[in-house]
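# What the coordinates show
Chain residues, written in single-letter form:
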Amino acid sequence: MNNGTTATLNGSRNGSHPEPAGEIDLLWDGLPPAVTQRLGEPLDEGLVSHRKGRKGRSFAYIEGHVAIEQANRILGFGGWGYELVGDVTLREGESVDPKTGEAKPWRAYAATVRVTVPGSQPRTDTGFQAVADDTAEGHETAWKGAVTDALKRALRSYGEQFGNSLYGDGAPGDAAPALRRTIVSLGRKQGFDEGQVRDAVRQRTGEDLDHLPVSGLTNLVEAMTQKLQSSKAEAEPKAA
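Residues numbered from 1 in each chain as written. Predicted model: local features only at pLDDT ≥ 70, side-chain atom pairs only at ≥ 80, totals over all residues. Heavy atoms only, no water.

This part takes up the overall build of the protein chain. The helix and strand inventory of the protein chain stands at eight helices and six strands. Reading the helices (α) and strands (β) of the protein chain from amino to carboxyl end gives α-α-α-β-β-α-β-β-β-β-α-α-α-α. In the protein chain, which comprises 240 residues, the share counted as buried stands at 33%. Relative to all contacts within the protein chain whose residues are 6 or more apart in sequence, the contacts with residues 24 or more apart total 57%. (Helix = DSSP H or I, 4+ residues; strand = E, 2+ residues; numbered from the N terminus. Buried < 20%, exposed > 50% of the residue type's maximum accessible area, 1.4 Å probe, protein only. Contact = heavy atoms within 4.5 Å.)

A few words on the nonpolar core. If you look at the biggest cluster of nonpolar residues, it comprises 28 residues, and the most contacted ones within it are Trp80, Val115 and Leu155. Residue contacts for Trp80: discarding those within four places in its chain leaves Ile68, Ala71, Asn72, Leu75, Val115, Thr116, Val117, Leu151 and Leu155. If you look at the next biggest cluster of nonpolar residues, it comprises 13 residues, including Leu186, Val201, Leu217 and Leu220. (Core = buried A, V, L, I, M, F, W, Y, C linked by side-chain atoms within 4.5 Å.)

In this section: helix H7 (residues 194–205). In this model, H7 (twelve residues) spans 16 Å end to end at C-alpha, consistent with the 16 Å of a helix rising 1.5 Å per residue. Residues of H7 that are buried: Val197, Arg198 and Val201. Viewed along the axis of H7, the buried residues span an arc of 100°, placing them on a single side of the element. With a side-chain oxygen lying 3.2 Å from the backbone nitrogen of Gly195, the N-terminal cap of H7 falls on Asp193. Trailing H7 by a residue or two, Gly206 shows a phi angle of about 80°, which is positive. (Expected span 1.5 Å × (residues − 1). Arc of directions from axis to C-beta. Polar contact = N/O pair within 3.5 Å; in protein donor to acceptor, adjacent residues only side chain to side chain.)

Given two aromatic rings, their pairing is described by the distance between the two centres and the angle made by the two planes. In the structure shown here, the tally under the stated rule is three aromatic pairs. When the ring of Trp106 is compared with that of Phe128, the centres are 6.2 Å apart and the planes differ by 70°; the resulting orientation is edge-to-face. Here Trp106, found in strand S5 (residues 103–116), pairs with Phe128, found in strand S6 (residues 123–130); they are 22 residues apart in sequence, far enough to count as distant. Given a relative accessible area of 41%, Phe128 falls into the partly exposed group. The cationic tip of Arg123 hangs over the ring face of Tyr158; the distance from NZ or CZ to the ring centre is 3.8 Å. (Phe/Tyr/Trp six-rings, centres within 6.5 Å; stacked < 30°, edge-to-face > 60°. Lys NZ or Arg CZ within 6 Å of the ring centre and 35° of its normal.)

Okay, the pattern of salt bridges next. Two side chains bearing opposite charge may form a pair once their charged atoms approach each other closely. Throughout the structure, instances matching the rule amount to twelve salt bridges. Ionic pairing is found between Asp134 and Arg107, a salt bridge with its closest N-O pair at 3.2 Å. Taken as a pair, Asp134 in the loop between S6 and helix H5 (136–155) and Arg107 in strand S5 lie far apart in primary sequence, 27 residues in all. With relative accessibility at 54%, the residue Asp134 sits in the exposed group. On the basis of relative accessible area, Arg107 is assigned to the partly exposed category, the value being 29%. The partner of Glu140 in a salt bridge is Lys144, and the shortest N-O contact between them spans 2.9 Å. (Salt bridge = Lys/Arg side-chain N within 4 Å of Asp/Glu carboxyl O.)

So, on to the confidence of the model for the protein chain. The pLDDT averaged across the protein chain works out to 76; a share of 77% of its residues lies at or above 70. Per-residue pLDDT stays below 50 along residues 1–28; that stretch engages in 30 contacts with residues further than four places along the chain or on separate chains. Counting contacts from residues 169–173, a segment whose pLDDT is below 50, to residues more than four positions away or on other chains yields four contacts. (pLDDT = per-residue confidence, 0-100.)

As a further point, take the packing of helix H4 (residues 64–75) against H5. Where H4 contacts H5, the two axes come as close as 10 Å, and the packing angle between them is 40°. Here H5 runs oblique to H4, going by the angle between their axes. In the crossing of H4 with H5, the sense of the turn from one axis to the other is left-handed. Contacts from Gly64, Ala67, Ile68 and Ala71 of H4 reach H5 at Thr148, Leu151, Lys152 and Leu155. Looking at the contact of H4 with H5, its residues break down into five nonpolar, two polar and one charged. (Axes fitted to C-alpha atoms, helices over the stretch in contact; angles between N-to-C directions. Parallel < 35°, antiparallel > 145°, perpendicular 65-115°, else oblique. Left-handed = near helix turned anticlockwise from the far one by under 90°. Nonpolar A, V, L, I, M, F, W, Y, C, P; charged D, E, K, R; others polar.)

Below, the structure is given as structure tokens:
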């Protein structure tokens with residue numbers, strides 16, 4: 001990080017003694033108005049992915065490549081960057097099953113990433129990724145996953161365009177309204193209005209969209225996302 005840039009952010013612009021800066025000044029000082037306007041816009045729900053978790057919960061998130069595409073679109077190619085802070089470390093431990101008392105070992109990688117955008121303070125956060133397969137490929141996947149997780153977490157401090165509102169510990173039922181909105185949004189991307197989407201859901205599942213459980217909503221989102229991605233790939237011109 002350029003020390004001169006840091007001094008400018010924390011002090012006055014005419015080179016005099018530093019003045020106290022408010023939280024907003026520290027976060028946004030120097031960013032172009034067009035950038036701050038885009039950062040304040042709601043996230044396109046078509047960019048949100050969902051996965052199933054324990055106890056039937058559905059978790060919303062944005063994938064790593066989506067976060068990078070968002071940063072390039074909003075901040076500009078070459079208008080931002082990130083770097084590893086320290087080493088990516090392997091951590092090991094044991095988790096105890098509360099029902100059986102059985103202790104199971106786990107291994108995971110942790111990484112810290114710093115995101116730098118000219119005109120704002122650097123953002124740093126730590127990511128974590130468990131080793132699912134104890135092979136060279138499994139460790140490589142977990143290593144990269146920890147870095148990607150750290151990058152996404154650092155970017156989310158820039159707001160909703162990087163899925164900040166998707167993080168939290170809300171109740172399982174809280175996911176249903178967001179999933180329904182995502183289904184309607186994905187339907188519109190395919191050229192259907194909300195009424196047609198609701199009819200299609202009813203024909204496919206035999207249930208009204210508002211009555212489907214989170215698990216059923218998640219299945220629909222996954223199926224619609226795959227269909228939309230396949231249609232997009234087919235529409236793209238193929239290289240000679």
